[in-house]
Structure formats: structure tokens, C-alpha cells
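One-letter residues, chain by chain:
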Amino acid sequence: MASFSFGSLLILSAIFRFVLILYGEWQDANMEVRYTDVDYIVFSDAASLMASGKSPYLRSTYRYSPLLAFLLIPNTIFHRCWGKFLFSAADLLVGYFIRTILKKRGVPENLCIGSVMVWLFNPFTFTIGTRGNCEPLVCAMVLKILLCLMNGQLLQAAFWYGLVVHFRIYPIIYALPILLILNQNVFKSGLNPALQKWSKGDETAPQSNLPSRLAHIFNPLFLLRSIMTKERIIFGLISGSIFIFCTVVFYYLYGWEFLHEALLYHLTRTDPRHNFSIYFYHIYLHHEHEFSVVEKLISFLPQLVVQLVLVLSFAQDLPFCWFAQTVAFVAFNKVITAQYFVWFFCLLPLILPWSKMKLKWKGVLSVSIWTGAQLHWLMWGYLLEFKGKNVLIQLWIASILFLAANTTALSLIIHQHKPSTLFVLPETAVDNAKKSKKCK
Amino acid sequence: MESYYEKHESFIDSLFDDFLTRDLPVNICEVLPSDLNTLLSLSIWSRIKGDGSHRQLSSTIKFKIEKSLFHVPTHHCKFIIIERLPSGVFVDPFELEHLLHRAVFSDVAVFGDTHLELPSVLSNISVVEVHKDIGLNILSHNKNLIDFTVDLPLHSRYPRLDESGYVEVRLKAPDLFLQCSIQEKPHNRTCFFRLETDDEEADLTWSIPAGKRSDAGVVSAITFVSALLSSTFSLEPAQEV
């Protein structure tokens, strides 16, 4: 695998994406089913409205930041495929960031290349950018934040974090693990934080267990002394300011429509139409009346508990924590569409070198369970949406099976993961020093 | 001239009928005979093509001038088809705009409820107006048969609950108009006719899968139990770390 240089891999991926964009143009012109994502048409219409000095929110179902419409203005000036090239470039940038992050963490070249290939040649990812979906931009920003944190560039990380939360909201789930990892002993001013290097062995980085971490975090003294550190305050202030700045500017320009479409809609979204979420049929069966606060809380509780436990268990192993959080967030969300899967696909290559899972057979089993459950869902979805058969119950059962598949896959991945803190923690450094003294 | 939606806030069939017959300057033209319907034969064959939630309302229109009008100055006519869509289905105005760019129609407009994502119970009726050019001096050509098909992409909304598992949406025959622009000096004149078909068209029906209220209890209970079980199961390995 090492014989495949990273450069040639990137060139090959770029050519492949270029060909797919050209093919998409052909399919759109000649076939009944379009290759281009329907959202791309929405973005392009919004960009065209913006180019003519109007609000992008005049385009119904445009529910994104005005920044996205701004980035796609060349669609109306140069060529309608501009956005697809932009998203595919971001997709390649994600590949570059994956390699940089893994190299910095001391992962050998052949493992790096293998991991990068999991992103660059994943059918989900190369089709999503070339069909005109904006998620690769979000993935690139998320990985940039991780890279900035690894380089000790706190201000840059905070800037990108504020921007990405404005752009897509869901990365708000990364706020707590980021704040937890901003340890003042790790981020010493003027020095790059020391990164825990990858090792082939089975040794795992020491971490306190979950109950003690819980006791620690809910201890009022800990809250005061440990949480309110300079690094955390700076990160919170900068990222918060960027988010508020974007919100205020776009509220000034586009008013209530911006707030409603780009922010509030995503926070309160309950979609009665079929989607991968287990909640869709429940929502549809109750769509004729408002949901009570208790009902809303009950459906939010599993999501909240899972997020909290994952953060408290894996925050110091930041890439793994983000991956597990994202898989769980998508799986327990009230609305799930296929594009959300890209949110964790971009983090998957970052955890593979630390997995004890062999491709034979647990790896194959995980992939098969997940893909099989999804194909099963798609079959019922096709019968409902394109054949007009009443298979709502079967589709809802398929959603439950898909949740079970997500849970099984996540559980297997956590089981097979060798925990490794992102940074060398002060206590680990002291332990290592003690160990080396004993050896002498 | 005021449009229907400038006069009324919501769509009501009878009010719209009144608007078409009373408020529009139909069948009043100094150059063309007001009884144009007697000089032509017109038939429309509508059907719903495709399966599932995304279909096409296809209308084939056959139009023939039985007695040509030789004395009419140079004129250019277009057909106007007005479809009244019940709340169970909708057209995507942006999709129509793309068809307009590809010259599938000569003009198109959507009025009323154009919210694309609302379920049927929360949405309202919409009206689609499609314009189709039929050419120059068409009324002067004797026995000239004009035959064309208009395919309108329709999408179903999530319907209200129904124990039978399906909800039927009925689509009425469209209202047809002929608009002719007549070249005259010093000003061009536009005449507007409401056309009558030779045969009465039956309503079209579209069965849309619907949820059953009787499923609600079981579905809600199993949904929440699955969420709780899955969250417990996925957290098990995390607690061992």
C-alpha cells in the first residue's frame, strides 16, 4: 500500500471526481433520474438570488447560512458546476487533513495511506461532493479545528469552531470535549502541546474511570478551579463572538427569515416525512397536534445521556470522542438523511490506526451490518416513495433495525478501540518519568 | 386587472369560478367572434403518469378550427391551462422554472400554498397556470389540428391519517383559455377566451399511502423503548473504558 504515494492518491482522486462531475452533467441532460442533488439546485437558486441583490431565503427550502449562497455565486457567473468543484476540492482537502493529522500523531505511512483511502474512495463521500452537497466543506472545517488544536493554535481553532457552528450547527456537540481537552498544563503559552504518538503495542493511555470523572466534573471546586482556565475562556469567547457576529450580520441583512431558516428550523425540526430516524412514524402519527414538552423531553433524553457519557469517557481521546459522538448524534436524531453519514465518515480514518478490529471478520461484519440495514431501509423507502405502496410500518421497523445496526457497529468500534489521549497529559508524563526512573 | 389572490386571501373554488367568469374579460373581443367555442372543436385527455410520490399530470389537448377566420389580422395565440391542485399534492415552483428555461412551457406561475414540505393537513389548495404557445395565425387555418401534451410534475404531501391506509386525492379537469394577441395599429389588442371541451372530463384520482391512527400507541411505545435500549447498549462499552 505504501507504494501508492499520497500525491498520486490525491491526483487519482481529483481525476476521479472530475470525471464524476462530467458524468453528472451527462446524466442530468439524458436520464430521467438526475445525478445532481436536489439541494444543489436549491443552493444554486439561492446564490443566483444573492447575485441579483436579493435574499437567498426567497428560495423556499434554502435552510443554510448565507455564506453558502455567497460561495456559490460563481455558479451564475462562470458555470453551474462551480459549486461541485468547490465541494470536491474540500473533499480532497479533507483527505489532506486526515493524512496531516495522522502523520502528526506518528502513524506509519502505510496506515496513513490506508486510512486516507477510506475517505477518498468511500462511495458515500466521492458522490456527495460531486452531486453538489456542501458537507465536505463542513468536514474540512471540523478537521481544520482538530489540526489547529494539535498545533496549539487556539485562536484559529476558536475562529473555525465559531464559523462551523454558524454554518451547520451540529458541531455544537464538540464544544464540551474541546473545552475538556483545553487543559492549561497541555496548552502552555508559546509551546506546541505534546502529542501522544501512535504505538503498535496493546498498551493504552491511562485514564480515570467514568464514575471518578463524573464525580470530578460535578465537584463545585473542580468546576471553579479547573473549568475556568484562560484557554477555555479564550476559546469560548472567540468562538462565541464569531458565531454571534455571523448571526448579527446576517440577521441585519436578511432579518427574521435568516434566523428561522438557518438556525431555529434546525433546532426545532420534526419532520413527518419518512427518513432513517426511528422517530419519523411516531412524528407522522402525531403530526396533527403539537407535541407536549414531556414528549419532546423523552425523545431528547437518550440523545443527551449518550452524548454526555461519550464525552466523559473519551474527551481526552478527542478524534475518537468526536467520531463516537457524531455516530450517536446521527443515530438518535429526530431526522436522519444520508448526507449526515459524511459527518462521521470524515472522522473514521482518524480512529482506524487505533482499532484492534481486524478487517477479517469483525471489520467486514460491522460494515455489512451497517450497509445491510441501510439497504433494507432503502428497499422499503423505494416501495413507499416511488411505488406508492403503504409500507410505513415496514419502513419504521427498518428504521429501528438501522438504529440497532448503528448501535452494534458503534459498540464494536468502542470495544476494539485502543484509547489514546490526543495530548500527553501531565499525569501521564509524570507516570512515564517514574517508570523510566524505576528502569534505571 | 386584479389577480385572484389580490382580491381574496385564500382559495375557495366557488370564488375562483366567479373570478374566472365575472372578473376576467373573457369572450369579449371586437376583432374575434365572442362565440369562438362554436367555431372549434377541443378535447383534453388527462391522466396521472408514474407511481409513488412524484408523478406527472399529463394533459393531451387536441384543438381544431372547424371554420377558419380569414378576416382576422395577424395574430399569435397561446393556450392557458389552469390546474387547481387540492392540498394533498403540490408543484415545485422552482422545478417549473427549470422546465420554463428548457422551453417546455412558454410561461408558468404557481399561486396559493407553495410550501413544499408541509403535510396535507397544514397546507392549502394551490393553482398552477401553464402557458403554451400554439403559433401564428392559427385561427386562419381551416381544419388545422393542433395536438400537444403538457406534463406537469406533481408531488404528494404526507396525507392525513386514514384507517384504510390510503387517502384519495381528486384532481378536477383544468380550466382552459385561449389568449390571442392581435396586431393592430396603433396598438396591439389582446383577446381572451374561455374554452369548452367537447366531452366532460371525469376527475382523476391519486391514492396516497397514509398512516393509521390505530398504530399510534404501539409505534410510540416501541420507538421510545428502542431508543432507551439502544442508548443503554451503546453506552455499555463506554463505561468499561
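Cut-offs applied
Residues numbered from 1 in each chain as written. Chains lettered and ligands numbered in written order. Predicted model: local features only at pLDDT ≥ 70, side-chain atom pairs only at ≥ 80, totals over all residues. Heavy atoms only, no water. Helix = DSSP H or I, 4+ residues; strand = E, 2+ residues; numbered from the N terminus. Contact = heavy atoms within 4.5 Å. Disulfide = S-S within 2.5 Å. Buried < 20%, exposed > 50% of the residue type's maximum accessible area, 1.4 Å probe, protein only. Salt bridge = Lys/Arg side-chain N within 4 Å of Asp/Glu carboxyl O. Polar contact = N/O pair within 3.5 Å; in protein donor to acceptor, adjacent residues only side chain to side chain. pLDDT = per-residue confidence, 0-100. UniProt positions renumbered as here; feature names shortened; annotations may be inferred. Pairing = 2+ DSSP bridges. Axes fitted to C-alpha atoms, helices over the stretch in contact; angles between N-to-C directions. Patch = residues over 30% accessible without salt bridge, like charges linked within 9 Å, V, L, I, M, F, W, Y side chains within 5 Å. Areas by Shrake-Rupley, 256 points an atom, 1.4 Å probe, with all protein chains shown as cover. Parallel < 35°, antiparallel > 145°, perpendicular 65-115°, else oblique. Nonpolar A, V, L, I, M, F, W, Y, C, P; charged D, E, K, R; others polar. Left-handed = near helix turned anticlockwise from the far one by under 90°. Expected span 1.5 Å × (residues − 1). Phe/Tyr/Trp six-rings, centres within 6.5 Å; stacked < 30°, edge-to-face > 60°. Lys NZ or Arg CZ within 6 Å of the ring centre and 35° of its normal.

### Some points on the overall build of chain A
Along its length, chain A carries 21 helices and 0 strands. For chain A, contacts bridging at least 24 residues in sequence account for 75% of all contacts bridging at least 6.

### A short note on the state of the cysteines
The full count for this structure, using the stated rule, is 1 disulfide over all chains. Here Cys77 of chain B is linked by a disulfide to Cys180 of chain B, with a sulfur-sulfur distance of 2.1 Å. Because the torsion about its S-S bond is 105°, the bridge between Cys77 of chain B and Cys180 of chain B counts as right-handed. On the criterion of sequence distance, the pair formed by Cys77 of chain B in strand E3 (residues 75-85) and Cys180 of chain B in strand E9 (residues 175-182) is long-range, its members being 103 residues apart. Of the two residues, Cys77 of chain B and Cys180 of chain B, both sit in the buried class. For Cys81 of chain A, which is in no disulfide, the shortest distance to another cysteine sulfur is to Cys134 of chain A and amounts to 17 Å. Here Cys81 of chain A falls in the buried class, since its relative accessible area comes to 4%. A disulfide-free cysteine, Cys148 of chain A has its sulfur positioned 15 Å from the sulfur of Cys346 of chain A, the nearest such atom.

### Considerations on the interface of chain B and chain A
Opposite the 43 residues of chain B that make contact, chain A presents 54 residues. Linking chain B with chain A are 2 salt bridges, by the criterion used here. Note that Arg213 of chain B and Glu288 of chain A form a salt bridge whose closest N and O atoms lie 3.4 Å from each other. Counting the contacts that link chain B with chain A gives 14 residue pairs in polar contact (both at pLDDT 80 or more). The element best represented in the side of chain B that touches chain A is helix H4 (residues 216-240) of chain B, accounting for 19 residues.

### With respect to the confidence of the model for chain B
Scored by pLDDT, chain B has a mean of 83; 94% of the residues are at 70 or more. Both scores are given for the predicted complex: the pTM is 0.87, the ipTM 0.87.

### With respect to unusual backbone geometry
Backbone geometry at Thr61 of chain A places phi at a positive 70°, although glycine is not the residue there. Relative to the helices and strands, Thr61 of chain A resides in the loop between helix H2 (38-51) and helix H3 (66-71).

### Points about the UniProt feature "transmembrane region" (unreviewed entry) in chain A
All names here are of chain A. Sequence positions flagged by UniProt for "transmembrane region" (unreviewed entry) are, in local numbering, residues 6-26, 110-128, 159-182, 233-254, 327-352, 364-383 and 395-414. A distance of 30 Å separates the end C-alpha atoms of residues 6-26, which is 100% helix and 0% strand. End C-alpha atoms of residues 364-383 are separated by 28 Å, and the span's content is 100% helix alongside 0% strand.

### A closer look at the sheet that holds strand E2 (residues 54-65) of chain B
Pairing within the open sheet is antiparallel, and its 4 strands lie in the order E1-E2-E7-E4 (chain B). Bordering the open sheet on either side are strand E1 (40-49) and strand E4 (89-90) of chain B, each of which pairs with just one other strand.

### Overview of the sheet that holds strand E6 (residues 126-136) of chain B
Residue and element names in this part refer to chain B. With antiparallel pairing, the 5 strands of this open sheet are ordered in space as E5-E6-E3-E9-E10. Each of the sheet's edge strands pairs with one partner strand only, and the pair in question is strand E5 (107-112) and strand E10 (189-195). On average, adjacent strands in this sheet sit at an angle of 20° to one another, irrespective of strand direction. Here E5 pairs with E6 via 6 bridges, running antiparallel. Directly across from Asp107, in E6, lies its bridge partner His131.

### Some details on a nonpolar patch on the surface
All names here are of chain A. A surface patch of nonpolar side chains, about 570 Å² in accessible area, is lined by Ile11, Ile15, Phe18, Val19, Leu22 and Phe85. Considering every element that reaches the nonpolar patch, the biggest residue donor is helix H1 (residues 6-30), with 5 residues. Here Ile15 lies in helix H1.

### Quick notes on the packing of helix H5 (residues 82-104) of chain A against helix H7 (residues 123-130) of chain A
Each pair of packed helices can be described by the angle between their axes along with the distance between the axes. Residue and element names in this part refer to chain A. Two elements in contact, H5 and H7, have axes separated by 7 Å at closest approach and are oriented at 150°. In terms of their interaxial angle, H5 and H7 are classed as roughly antiparallel. Contacts between H5 and H7 pair Lys84, Phe87, Ser88 and Asp91 from the former with Thr125, Phe126, Gly129 and Thr130 from the latter. Considering only residue class, the contact of H5 with H7 consists of 2 nonpolar, 4 polar and 2 charged.

### Re the side chain of Ser226 of chain B
Tracing the backbone through its elements, the reader meets Ser226 of chain B in helix H4. Apart from the residues within four sequence positions on either side, Ser226 of chain B is in contact with Ile400 and Leu403 of chain A.

### A closer look at helix H19 (residues 359-385) of chain A
Where H19 of chain A is concerned, the buried positions are Gly363, Ser366, Trp370, Ala373, Gln374, Trp377, Trp380, Gly381 and Leu384 of chain A. Looking at the buried positions of H19 of chain A, the neighbouring elements they touch are H7, helix H17 (341-345) and helix H20 (392-415) of chain A together with strand E11 (204-209) of chain B.

### What to know about the packing of helix H8 (residues 135-150) of chain A against helix H9 (residues 154-168) of chain A
Residues and elements named next belong to chain A. Between H8 and H9, whose axes approach to 8 Å, the crossing angle comes to 155°. Looking at the two axes, H8 sits roughly antiparallel to H9. Of the two elements, H8 crosses H9, and the hand of that crossing is left-handed. Counted together, Glu135, Leu137, Val138, Met141, Val142, Lys144, Ile145, Cys148 and Leu149 of H8 and Leu154, Gln156, Ala157, Trp160, Tyr161, Leu163, Val164, Phe167 and Arg168 of H9 form the full contact between these two elements.

### Quick notes on the pairing of strand E7 (residues 145-156) of chain B
Residue and element names in this part refer to chain B. Across 11 bridges, the pairing between E2 and E7 is antiparallel. Along E7, the bridge assignment pairs Arg55 with Leu154. As defined by bridge partners, E4 adjoins E7 across 2 bridges and the pair is classed as antiparallel. Its bridge partner being in E7, Val89 is matched across the sheet by Ser156.

### Let's talk about H1 of chain A
Residue and element names in this part refer to chain A. Spanning 25 residues, H1 covers 36 Å between terminal C-alpha atoms, matching the ideal 36 Å at 1.5 Å per step. Listing the buried residues of H1 in full gives Phe6, Leu9, Ser13, Arg17, Leu20, Ile21, Gly24, Glu25, Gln27 and Asp28. The secondary structure elements touched by the buried residues of H1 are H5, helix H6 (109-120) and H7.

### Considerations on the packing of aromatic side chains
The full count for this structure, using the stated rule, is 42 aromatic pairs over all chains. Relative to Phe126 of chain A, the ring of Phe16 of chain A has its centre 4.7 Å away and its plane inclined at 75°; by these criteria the two rings are edge-to-face. Note that Phe16 of chain A is positioned in helix H1 and Phe126 of chain A in helix H7, a separation of 110 residues in sequence. When its relative accessible area of 31% is taken as the criterion, Phe16 of chain A is described as partly exposed. With centroids separated by 5.5 Å and ring planes inclined at 50°, the aromatic side chains of Tyr57 of chain A and Tyr62 of chain A adopt a geometry described as tilted. Each member of the pair Tyr57 of chain A and Tyr62 of chain A is classed as buried. A connected cluster of aromatic rings, assembled from ring pairs, spans Tyr40, Phe43, Tyr57, Tyr62, Tyr64, Phe87, Phe250, Tyr254 and Phe258 of chain A. Over the ring of Phe94 of chain B we find Arg59 of chain A, and its NZ or CZ is 3.5 Å from the ring centre. In this structure, Arg63 of chain A is placed above the aromatic ring of Tyr265 of chain A, and the distance from its NZ or CZ to the ring centre is 3.9 Å.

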